[in-house]
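Remarks on the overall topology
Now for the letters of each chain:
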Amino acid sequence: MRTLVVTDSMIWNAETEYALAVAGAEAAMGFEVSLAAPGGSVALAKAPTGVATHVLPGASLSRSPADLLAACRWISSRTLDSPGAIVHSSRSSAHVAVALARSGSTKLVHLRGGAVPPSAGALNRYLYRRRTDAVIASSGRIESWVRERLGVREERVFTIYLPIDIERFAAGGDGAGVRREFDIAAGSPLVVNVARLAPIKGHAVLLEAWSRVVGKYPSAVLLLIGEPWSGQPEGLAARAGELGVSSNVRFAGRRDDVPSVLAAADVCVCSSVGSEENSRAVSEYMAAGRPVVATNVGVIPELVVDGGTGLLVEPVDVGALAEGLAQLLDDPDRAAKMGASGAVR
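Just so it is clear, the model here is predicted, and its values are computed rather than measured.

This part is about the overall build of the protein. Assigned secondary structure in the protein consists of 15 helices and 13 strands. Considered along the principal axes of its C-alpha atoms, the protein spans approximately 65 × 35 × 35 Å. A burial count over the protein gives 53% of its 345 residues as buried. Partitioning the contacts of the protein with sequence separation of at least 6, the portion at a separation of at least 24 is 65%.

Below, the structure is given as structure tokens:
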């Protein structure tokens, strides 16, 4: 099976993440997978192992008719001699380009992994209903948008949660080494959060909640894994100081050994206040067999069984987040059972 993934995204966002995850999963399944994106795009830089990359002509498909035409010509040249191939489009402008360019028996399967509902206009309805063979959505909520807003038949829309390498996380890693690296005693409770340090990820709320947890568990440590963002981690570090928990918080930046970090954790947390239509972090927490405390946003309530694989709390509710973390730290046996159930799920 041959597949081509086409995106015109230049930046890292939920749609790009989802497209690359699907490409990587198909390559792991033995498909011959190619990725086409504009030169200099993050998609090309982060292409998964086993995925061939190509520079897509034109970087402004949504704004430049000339770029759109160039992309259509390139896509057509790639699909004319590929009977039975599948082309995935990611983002609306790439969707239009592939719909215009595909030929022969090539199938168009559009990928939707973003948090913005699709336009219900007549042209978009025609694009989805008449020019697209199937749609893959990263959550049930997105699937419902496609069916209800665009009138796409149920049998042509499928939910596939963000693919991750389950075996990599199930195998664990050197959790003890992570604790030594960050000077965390073996008996000290460790809570891990994996997320870029952007406001939507709710770190400010998490620190407020953490200050309450530390009141009960003075030796507890919160380990924050994630890429720096505008003004962060400096602003968050200052806030931790104001709350009196600087010694209970570690900022670790981006890490490539996330399985080892999760192996060291007692509990994992997601404090996002919005988005999370993919929620790679929560899926990885569960694959690693860790109990989860997470906010009830995006795809998370589809992944986490409240009271079964973790605890769900409402976003921006400091008290509920603190209580959820404390509950699982209070009862390690219950937490372990939740983690094991999450790994099975």
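That covers the picture; the talk isn't over yet.
A few words now on helix 4 (residues 92-101). Counting buried residues along helix 4, 7 of its 10 residues qualify, which places the element largely inside the surrounding structure. Among the residues making up helix 4, those that are buried are Ser-93, Ala-94, His-95, Ala-97, Val-98, Ala-99 and Ala-101. In the core, the buried residues of helix 4 are packed alongside strand 1 (2-7), helix 3 (65-79), strand 4 (86-90), strand 5 (107-112) and helix 5 (122-130).

Looking now at the state of the cysteines. Applying the stated criterion across every chain, the model contains 0 disulfides. Sulfur of Cys-268: no disulfide; nearest cysteine sulfur belongs to Cys-270 and is 11 Å away. Take Cys-270: its relative accessible area is 5%, and that puts it in the buried class.

Here we come to the packing of helix 14 (residues 318-330) against helix 15 (residues 332-344). Contact geometry for helix 14 and helix 15: axes closest at 5 Å, N-to-C directions at 105 degrees. As summarised for this structure, helix 14 and helix 15 are arranged roughly perpendicular, according to the angle between their axes. Contacts between helix 14 and helix 15 pair Gln-327, Leu-328, Leu-329 and Asp-330 from the former with Pro-332, Arg-334, Ala-335 and Met-338 from the latter. Split by residue class, the contact of helix 14 with helix 15 holds 5 nonpolar, 1 polar and 2 charged.

So, about the packing of aromatic side chains. Tallying each qualifying case throughout the model produces 0 aromatic pairs. One cation-aromatic arrangement involves Lys-46 over Trp-12; the distance from NZ or CZ to the ring centre is 4.4 Å. In this arrangement the basic side chain of Arg-196 is found over the ring face of Trp-229, its NZ or CZ atom lying 5.1 Å from the centre.

Burial along strand 12 (residues 292-295) is two-sided: the residues Val-292 and Ala-294 and Val-293 and Thr-295 are all buried. Pairing of strand 11 (residues 267-270) with strand 12 involves 3 bridges; the strand directions are parallel. Within the sheet, the bridge partner assigned to Val-269 lies in strand 12 and is Val-293. A crossover connection joins strand 11 to the parallel strand 12 through helix 12 (residues 280-287); in handedness this β-α-β unit is right-handed. The pairing of strand 12 with strand 13 (residues 310-313) spans 4 bridges and is classified as parallel. Bridged to Thr-295 within strand 13 is Val-313.

Taken as a class, soluble globular proteins show a tendency for nonpolar side chains to be buried jointly. Counting residues in each nonpolar core, the largest one holds 31 residues, and the members touching the most others are Val-192, Val-194, Leu-223, Leu-262, Val-282 and Tyr-285. Of all the secondary-structure elements, those providing two or more residues to this core are strand 8 (190-194), strand 9 (221-225), helix 11 (258-264), strand 11, helix 12, strand 12 and helix 13 (300-303). Ranked by residue count, the leading element in this core is helix 12, at 5 residues. In this view, Val-194 contacts Ile-225, Val-258, Leu-262, Ala-281 and Tyr-285; residues no more than four positions away in its chain are not counted. Val-214, Leu-224, Ala-240 and Ala-335 belong to the second largest nonpolar core, which has 30 residues in total.

Position of Glu-302 among the secondary structure elements: in helix 13. There is a polar contact of 3.3 Å between the side chain of Glu-302 and the backbone nitrogen of Arg-141. A polar atom in the side chain of Glu-302 sits 2.8 Å from the side chain of Tyr-161. Not counting residues within four places of it along the chain, the set of residues in contact with Glu-302 comprises Ser-139, Gly-140, Arg-141, Tyr-161 and Arg-345.

Time to look at the sheet that holds strand 9. Pairing is parallel across the open sheet formed by 6 strands, whose spatial order is 10-9-8-11-12-13. Two strands bound the open sheet, and with one partner strand each, they are strand 10 (249-253) and strand 13. Taking each pair of neighbouring strands and ignoring which way they run, the sheet shows an average axis angle of 20 degrees. Across 5 bridges, the pairing between strand 8 and strand 9 is parallel. Considered in strand 9, the bridge of Leu-190 is made with Val-221. The sheet strands contacting helix 9 (residues 203-216) are strand 8, strand 9, strand 10 and strand 11, and the helix crosses strand 9 at an angle near 170 degrees.

Thresholds applied
- Residues numbered from 1 in each chain as written.
- Predicted model: local features only at pLDDT ≥ 70, side-chain atom pairs only at ≥ 80, totals over all residues.
- Heavy atoms only, no water.
- Helix = DSSP H or I, 4+ residues; strand = E, 2+ residues; numbered from the N terminus.
- Buried < 20%, exposed > 50% of the residue type's maximum accessible area, 1.4 Å probe, protein only.
- Contact = heavy atoms within 4.5 Å.
- Disulfide = S-S within 2.5 Å.
- Axes fitted to C-alpha atoms, helices over the stretch in contact; angles between N-to-C directions.
- Parallel < 35°, antiparallel > 145°, perpendicular 65-115°, else oblique.
- Nonpolar A, V, L, I, M, F, W, Y, C, P; charged D, E, K, R; others polar.
- Phe/Tyr/Trp six-rings, centres within 6.5 Å; stacked < 30°, edge-to-face > 60°.
- Lys NZ or Arg CZ within 6 Å of the ring centre and 35° of its normal.
- Pairing = 2+ DSSP bridges.
- Right-handed = clockwise from strand over helix to strand, strands pointing away.
- Core = buried A, V, L, I, M, F, W, Y, C linked by side-chain atoms within 4.5 Å.
- Polar contact = N/O pair within 3.5 Å; in protein donor to acceptor, adjacent residues only side chain to side chain.

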